[in-house]
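These are the residues of each chain, in order.
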Amino acid sequence: MVVDLLSIAIAQNTILMKAREQSQRETVINQIGNLLRLLPDLELQVVLEETVKAFGGSGGRLCLKNEDINIPEAFAECLKINSEYLKVYTCGKQPIIPETAKYSLMEQYAVWEEYYQTSQNNQNNKHQNNELKVWAISDIYQTSELGTLQVAFQPTSIRGILFVTLSYRQELLGYISIFRDTQDIEKLWAGQFDADVRQLYPRQSFQVWKESKQAHIRNWTDEETELAQELASQFATAIHEHNLYRQIHAANTQLEIQVMQRTESLQQVTEQQQILFDVVTKMRKSLDIEIIFSTMSAEVRRALKADRVGVYYFYPESQYNEGEFVAEDVAVGIPSALAIKVNDHCFGEIYATKYRHGRINIIPNIYEAGLEQCFIDVLSQFEIQATLVAPILKGDALWGLLCIHQCTQPRDWQTSDIQFVTQIAAQLSVAIEQADLLAQTQHQTETISKALQELKQTQTQLVQAEKMSSLGQLVAGIAHEINNPVNFIYGNIKHISQYSEDLLSLLDLYRQNSLNPVPEIIEHAEEIDLDFLIEDLPNMLSSVKVGTERIRQIVLSLRNFSRLDQAEIKPVNIHDGIESSLVILQYRLKAKPESPAIQIIKEYDDLPEVECYAGQLNQVFMNVLSNAIDAVEERNQKDSESHISQISIQTSLSQLPNQKPSVAIRIFDNGLGIPEKIINDIFNPFFTTKEVGKGTGLGLSISYQIVVDKHGGIFKCFSQKGEGTEFLIEIPLKVVSS
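Below: a short report on this structure. On a predicted model such as this, the values are computed, not experimentally measured, just so you know. (Residues numbered from 1 in each chain as written. Predicted model: local features only at pLDDT ≥ 70, side-chain atom pairs only at ≥ 80, totals over all residues. Heavy atoms only, no water.)

## Side note on the pattern of salt bridges
Scanning the entire structure with this criterion turns up 15 salt bridges. Two residues, R61 and E107, come together in a salt bridge whose shortest N-O distance is 2.8 Å. Placement of R61 in strand β1 (residues 59-65) and of E107 in the loop between β2 (86-92) and α4 (110-126) is noted, with a sequence separation of 46 residues between them. An identical accessibility class is assigned to R61 and E107; each is buried. Its salt-bridge partner being E633, residue K592 comes within 3.9 Å of it at the nearest N-O pair. Here K592 is found in the loop between α16 (586-589) and β13 (599-603), whereas its partner E633 is found in helix α17 (residues 614-638), with 41 residues between them in sequence. By relative accessible area, E633 is classed as buried at 19%. In the salt-bridge network here, residues are joined through shared partners; they are R588, K592, D630 and E633. (Salt bridge = Lys/Arg side-chain N within 4 Å of Asp/Glu carboxyl O. Helix = DSSP H or I, 4+ residues; strand = E, 2+ residues; numbered from the N terminus. Buried < 20%, exposed > 50% of the residue type's maximum accessible area, 1.4 Å probe, protein only.)

Right, here's the structure in full:
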């Protein structure tokens, strides 16, 4: 009874174990199958790791054809040709191929291919299914076919290999190898330790048996082989579908590229026609040959995507043997050919006649076009590898060439490129003739305009000189008229002060000796506030003296400014002229309700007297200082932030470019500065940045003529927006009368 029940239990347990194994196997197949169906992102590395894990292996390899390299050979041919044509996924322990080995990959050895061929022959002859797709190797070192590979596994603990060939419709796609280590088996002696001495010998004999079970070899089971067969089919199908997907994707990509290339070609033709229209329009608008050449070069290079586009000009009377590039547009990294003189007798003797008759020269590769060596030498001088050249004619004569250069590589010029360049060259020929006519007209116009401008400028100078002469006479007359009474007052103020002191001292003696003055005197003294009068009279006389001295200084400054009492050229102290201008402008330097006082910072060097036109030079100082004050006041009005208004004046000895000793006067202000775009125009007549009614535009123009033309000096302006302005006035120590 018990035996029957035990037999039934064992049978049921066996059935249950097989069911569990079948369920586990189906789970593994489904799990790996799901991973293999993840197109287009097939993660073969993950699939390999899961497969090795399913077999309880210590490592594994998946070897396939490298689809990243576009090669026509199949997987079997790639094994023989080059390991770079193969792609190997690995995980876990791996064999170590010696550096001296014939192949760098274990899959390249012939043993695997021979096994695959044998399996194919057996299937064809016996019409069997895929059992021979799996080679279950339990012990590497007991398999004679692997003799050449055993050395690669000796440094490792790998003992068994489950080798699986992947094929789809008799096409070999790759190999899978699952590695298995040896296993140590340890058994206890009856599950316990008995100290009885009679157990000593049995234990010793068991120890010998135990050691013999270390590095135990595990055989591959039939279930594992069947699982490998199932997975091999799924691997092969997935890899085939993945390769097919990549091929379809590559074909679609290639088709898209062809469509894009055709579209780009059509767009390029359209763009070239539009650029041609734009270039012609700009030519007709400008007729400036330099602008035409530069605009055309840039537009043509952009349209043709060339490395260099240039206009080559032949020197007249050179018989087309000499010339230079007068305009070009080059890509980044390409050397410029602009203004380089070219002496090419080879061109003049061989090619010039052809160009005169309108020939277009098309050279895809200068080294394969059969050119004369002398011509190749000239082209290689500019690093040219391919060129497209069209003649530029002026009437019936060859004026120059329109050159399209490819410097980085040879180029096959398209028909649209040739037609486009031909049309551009024809338009350039027309533009050159029109530009010549325009240049002649402009030359005549410029001659007339220059004469008119000189006449107008001379008239302005005469009017301004007359005004300054009249102003100088007026200033001198006023100074003279004021000077006489002021001198009278200044000369007598000393005596008045002395007389006042004497009278006050006499009055003091009277007060000391008259102890009982009459009531009438006391009453009058109180009425006139005698004590305050005695105290305030000296202060009043002192104030009159200071005021008179100030009037004398102003009169002297007016006379110094006008300089009518001196010769036209005379040694003068430059500092006196600057100080005279500052005295006259003193009222503008003082603080006002709407703006603070302007500080004057002087850094005067010890200068000798300078022989110059003193009156005219003072006019320059007045103009520059007035402009500096205007700039500072403008900043006070526009800048909300408070700041210190300053004007700095520096003088020093210097030297002109012609080595003549000179005096340099620098006048700085911390105003708003002059914009860079107009700084070159400030010395032009009638140019002004001030509001209408506040400036004539003649001050700096006349000052420039006084300093540069009259004195042979230098007059420059340096300015940055927001950081103020500096004027440099430099004149020689001795001015030669013009």
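## Comments concerning the sheet that holds strand β11 (residues 397-406)
One open sheet holds the six strands; their spatial order is β8-β7-β6-β11-β10-β9, and the pairing between them is antiparallel. Two strands in the sheet have a free side with no partner beyond their single neighbour: β8 (342-343) and β9 (361-363). (Pairing = 2+ DSSP bridges.)

## Describing the packing of α17 against helix α18 (residues 699-710)
The N-to-C vectors of α17 and α18 enclose an angle of 140 degrees; their axes lie 9 Å apart at closest approach. Between α17 and α18, the angle is such that the two are oblique. For the pair α17 and α18, the crossing hand works out as left-handed. Side by side, α17 and α18 meet where Q616, L617, Q619, V620, N623 and N627 of the first sit next to G699, L700, I702, S703, I706, V707 and K710 of the second. A per-class count over the contact of α17 with α18 returns six nonpolar, six polar and one charged. (Axes fitted to C-alpha atoms, helices over the stretch in contact; angles between N-to-C directions. Parallel < 35°, antiparallel > 145°, perpendicular 65-115°, else oblique. Left-handed = near helix turned anticlockwise from the far one by under 90°. Contact = heavy atoms within 4.5 Å. Nonpolar A, V, L, I, M, F, W, Y, C, P; charged D, E, K, R; others polar.)

## Points about the environment of N365
Take N365: it is sitting in the loop between β9 and α11 (373-381). Here the alpha-carbon distance between N365 and T387, two residues 22 residues apart in the chain, equals 7.7 Å. Leaving out residues up to four positions away in the same chain, N365 has contacts with Q385 and P410.

## Section: the sheet that holds strand β16 (residues 661-669)
Read across the sheet, five strands follow the order β13-β15-β16-β18-β17 without closing on themselves; strand pairing throughout is mixed. Sheet topology places β13 and β17 (714-719) at the edges, where each strand pairs with a single neighbour. Direction aside, the axes of adjacent strands within the sheet are offset by 15 degrees on average. Taken together, the six bridges between β17 and strand β18 (residues 725-732) define a ladder with antiparallel strand orientation. Among the inter-strand pairings, K716 is bridged to a residue of β18, identified as L728. With respect to the sheet, helix α15 (residues 574-584) is in contact with β13, β15 (646-655), β16 and β18, its orientation differing from that of β15 by roughly 165 degrees.

## A short note on unusual backbone geometry
In this structure, R169 takes a positive phi of about 55 degrees despite not being glycine. Following the sequence through the fold, R169 ends up in the loop between β4 (158-168) and β5 (171-181).

## A closer look at α15
In an α-helix there are 3.6 residues to a turn, and that puts residues three or four apart on one side. Restricting attention to buried positions, one finds in α15 the residues I574, H575, G577, I578, S580, S581 and L582. Where α15 begins, the capping side chain belongs to N573, and its oxygen is found 2.9 Å from the backbone nitrogen of H575. (Polar contact = N/O pair within 3.5 Å; in protein donor to acceptor, adjacent residues only side chain to side chain.)

## Section: a negative patch on the surface
Negative charge collects at one region of the surface, where E520, E523, E526 and E527 lie side by side. As for its placement among the helices and strands, E527 is situated in helix α13 (residues 519-528). (Patch = residues over 30% accessible without salt bridge, like charges linked within 9 Å, V, L, I, M, F, W, Y side chains within 5 Å. Areas by Shrake-Rupley, 256 points an atom, 1.4 Å probe, with all protein chains shown as cover. Lys, Arg positive; Asp, Glu negative; His and termini not counted. Charge placed at Lys NZ, Arg CZ, Asp CG, Glu CD.)

## Considerations on the pairing of strand β6 (residues 308-314)
The buried count for β6 comes to six of seven residues, which makes it a mostly enclosed element. Pairing geometry for β6 and β11, over six bridges, is antiparallel. Its bridge partner lying in β11, G310 is registered against C403.

## Regarding a nonpolar patch on the surface
Where nonpolar side chains cluster on the molecular surface, the patch consists of I489, M540 and V544 and spans about 250 Å² of accessible area. Counting through the fold element by element, V544 comes out in helix α14 (residues 530-562).

## Describing the packing of aromatic side chains
Tallied over the full model, the rule gives 16 aromatic pairs. Geometrically, the ring pair formed by Y312 and F314 is edge-to-face, given 5.2 Å between the ring centres and 85 degrees between the ring planes. Residue F314 is classed as buried on the basis of its relative accessible area, which comes to 4%. Between Y313 and W399 the ring centres are 5.0 Å apart and the planes differ by 50 degrees, which places this aromatic pair in the tilted class. Pair noted here: Y313 is in strand β6 and W399 is in strand β11, with a separation of 86 residues, a long-range link. For Y313, a relative accessible area of 22% gives the class partly exposed. Grouping aromatic residues by their ring pairs yields a cluster made of F75, W112, Y115, W135, F163 and Y175. If you follow R180 out to its NZ or CZ, it ends over the ring of W220, 3.8 Å from the centre. (Phe/Tyr/Trp six-rings, centres within 6.5 Å; stacked < 30°, edge-to-face > 60°. Lys NZ or Arg CZ within 6 Å of the ring centre and 35° of its normal.)

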